[in-house]
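# Structural description and commentary
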Amino acid sequence: MPRTTNVYLLIAATLLAVLLLAALSAWSGWRLASTPAQQRQLLDVRVLAAEAHIYLEEYLGGDGEETPGAIQARLDEAARLLAVLAGDRTQTGVSAIDDSDERRLLQQARHALATLADLTRLRLRQQQESAAGSSLDRRFDRAFDDFMAACKALETRLHQGTTAALRNFVLAQALMTVLVVASFAWLYRLLRRRDHRAASIANEMAAAHAEVMQGREQMQQVNARQEAMLALSRRLQSAIGVEQFSQMLLTWLCEQQQAVAGVIWLSRQEAGLRAVASWCTDTLARELDELANGEGLVGQVALTGQVAQHAQPPGYLHLESGLLRAAPSHSLLLPVRYRDVTVAVLELAFPAAPDAEARAHLQDVMETMAVRYYMFSQRDRTTNDTQRKASA
């Protein structure tokens, strides 16, 4: 067979292989891009179901602030979000789940949510018969546990799918690079002298290797951040009360972002702010654990809802160890907002100014915690109102 024909056949085979690997890479990239939004959607579903559960128990316990409409609205919203994942509805930025195993788990979650919604309506109709410990109450608790377990199983499957997609993406990129470079090397051997050909191949291989390693490192960083967020969510599930929840969250944030000190302030609306967690500072031990709205930098951030970053003013904060005494150089104040209302303020001190990526990561983390701090804020506000009425 003529050499020219062999060249054409090699080029055709190379193009076919590149197209196949590009298709695999595109599918893996699409999966990596779509799965985080699906995971956030599923997390929102769990939060809505938990809110509905809490509101139902408070309503049945005689809390006049919660209404059956608010409870049903959260269950309806959770059902809508699951319908988006199933492809029955559309939502910008969220694609439907197409994997057969994941769709099976999704159907189980939808069925469990429908059962939970039916029992919720039944408990609302039969308030006297659905007291704690009753048969209906036990059925409701089992339905809620089944729904949470179904969501957890789906989350695990999505994470496994993301890991497999990342592996396929890296493998496809590496194979395409090797295939293309090998093809060029073969053509260079036909058209160039050996010394020039060897230098060109070495440069191409070095560039390809650097690109693959950079892409792999970036994917590993994304995967590590997702795993860290999932691990944080699992750790925070065991927290009891706003103080323990905030202390665990603040400790994790300071360790992740290398902050040297920090405080989380819970907004109580018109009652001002209260420090609920601190890191490497004695804010909670001093007479500085409460602030009025608009008081100081923290109060201004809570009032305006704007992120504030400042160079360290003299005398603002000092850290001491057995041998050293130093002051951080920058502070970052980040409002946590839910429905355009500040529900908490995160205050961190850094040895150097945090970059835009660090600020964006902190903001993303705190946005996922906004619903929880809204619930803590409402609960703290209710407790303060009750104590004030009792003292009056």
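Provided above is the structure to which this section pertains.
Just so it is clear, the structure is predicted and the values come from calculations on it, not from any experiment. (Residues numbered from 1 in each chain as written. Predicted model: local features only at pLDDT ≥ 70, side-chain atom pairs only at ≥ 80, totals over all residues. Heavy atoms only, no water.)

## Let's talk about the environment of Ala 302
- Take Ala 302: it is sitting in helix H7 (residues 296-304).
- Along the chain, Ala 302 and Val 343 lie 41 residues apart, while their C-alpha atoms are 8.0 Å from each other. (Helix = DSSP H or I, 4+ residues; strand = E, 2+ residues; numbered from the N terminus.)

## A closer look at the nonpolar core
- The biggest cluster of nonpolar side chains holds 75 residues, and the ones touching the most others in it are Phe 147, Leu 249, Leu 346 and Tyr 373.
- In this structure Phe 147 touches Val 45, Ala 49, Leu 82, Ala 109, Ala 112 and Leu 113, once residues within four positions along its chain are discounted.
- Counting eleven residues, the second largest nonpolar core, distinct from the first, contains Val 263, Ala 275, Leu 291 and Val 301. (Core = buried A, V, L, I, M, F, W, Y, C linked by side-chain atoms within 4.5 Å. Buried < 20%, exposed > 50% of the residue type's maximum accessible area, 1.4 Å probe, protein only. Contact = heavy atoms within 4.5 Å.)

## Quick notes on the packing of helix H3 (residues 100-125) against helix H4 (residues 135-191)
- Their axes nearest at 9 Å, the elements H3 and H4 cross at an angle of 160 degrees. It follows that H3 is roughly antiparallel to H4 by the angle criterion. In terms of crossing hand, the pair formed by H3 and H4 is left-handed.
- Partitioned by chemical class, the residues of the contact of H3 with H4 number 18 nonpolar, four polar and seven charged. (Axes fitted to C-alpha atoms, helices over the stretch in contact; angles between N-to-C directions. Parallel < 35°, antiparallel > 145°, perpendicular 65-115°, else oblique. Left-handed = near helix turned anticlockwise from the far one by under 90°. Nonpolar A, V, L, I, M, F, W, Y, C, P; charged D, E, K, R; others polar.)

## Section: the packing of aromatic side chains
- According to the stated counting rule, one finds four aromatic pairs in the structure shown.
- Ring geometry for Tyr 373 versus Phe 376: centroids 5.9 Å apart, planes at 75 degrees, classification edge-to-face. With Tyr 373 and Phe 376 both in helix H9 (residues 370-391), this residue pair falls three residues apart, about one helical turn.
- Judged by relative accessible area, Tyr 373 falls into the buried class, the value being 0%. (Phe/Tyr/Trp six-rings, centres within 6.5 Å; stacked < 30°, edge-to-face > 60°.)

## Considering the pattern of salt bridges
- What the rule picks out here adds up to 13 salt bridges.
- Across the pair Arg 74 and Glu 51 runs a salt bridge whose closest N-O atoms are separated by 2.9 Å. Linking Arg 74 in helix H2 (residues 68-86) with Glu 51 in helix H1 (residues 3-60), this pair joins segments that are 23 residues apart in sequence. Both residues of the pair, Arg 74 and Glu 51, belong to the buried class.
- Among the ionic pairs, Glu 243 bridges to Arg 274, the shortest N-O distance being 3.0 Å. A residue pair is termed long-range when its members are at least 10 positions apart, and Glu 243 in helix H6 (residues 241-257) and Arg 274 in strand E2 (residues 273-279) qualify at 31 residues.
- Within the structure, one salt-bridge network assembled from shared partners comprises Asp 99, Asp 101, Glu 102 and Arg 157. (Salt bridge = Lys/Arg side-chain N within 4 Å of Asp/Glu carboxyl O.)

## Comments concerning the environment of Ala 208
- In this fold, Ala 208 is placed in helix H5 (residues 194-236).
- Look at Ala 208 and you get buried, because its relative accessible area is 10%.
- The spacing of Ala 208 and Thr 177 is 31 residues in sequence and 6.3 Å in space, taken between C-alpha atoms.
- Filtering out sequence-adjacent residues up to four positions away, Ala 208 remains in contact with Thr 177 and Val 181.

## Brief notes about the pairing of E2
- Across the seven residues of E2, six count as buried, placing the element largely inside the fold.
- Across six bridges, strand E1 (residues 261-267) lies against E2 in antiparallel orientation. Within the sheet, the bridge partner assigned to Val 263 lies in E2 and is Ser 278.
- As consecutive antiparallel partners, E1 and E2 are separated by five residues, and within that stretch Gln 269 has a phi angle of approximately 60 degrees, a positive value.
- Two strands pair when backbone bridges link them, and E2 and strand E3 (residues 290-291) are joined in this way by two bridges, in the antiparallel orientation. Among the inter-strand pairings, Arg 274 is bridged to a residue of E3, identified as Glu 290. (Pairing = 2+ DSSP bridges.)

## Some details on the side chain of Arg 268
- As for its position among the elements, Arg 268 is in the loop between E1 and E2.
- In this structure Arg 268 touches Leu 273, Arg 274, Glu 290, Ser 377, Asp 380 and Asn 384, once residues within four positions along its chain are discounted.

## Observations concerning the sheet that holds strand E4 (residues 308-311)
- In spatial order, the strands read E3-E2-E1-E8-E7-E4; together these six strands make up an open sheet with antiparallel pairing. Sheet topology places E3 and E4 at the edges, where each strand pairs with a single neighbour.
- Packing of H6 onto the sheet brings it into contact with E1, E2 and strand E8 (341-350), and relative to E2 it is tilted by some 50 degrees.
- Each of E4, strand E7 (330-338) and E8 is contacted by helix H8 (residues 356-368), which is oriented at about 30 degrees to E7, the strand it contacts most.

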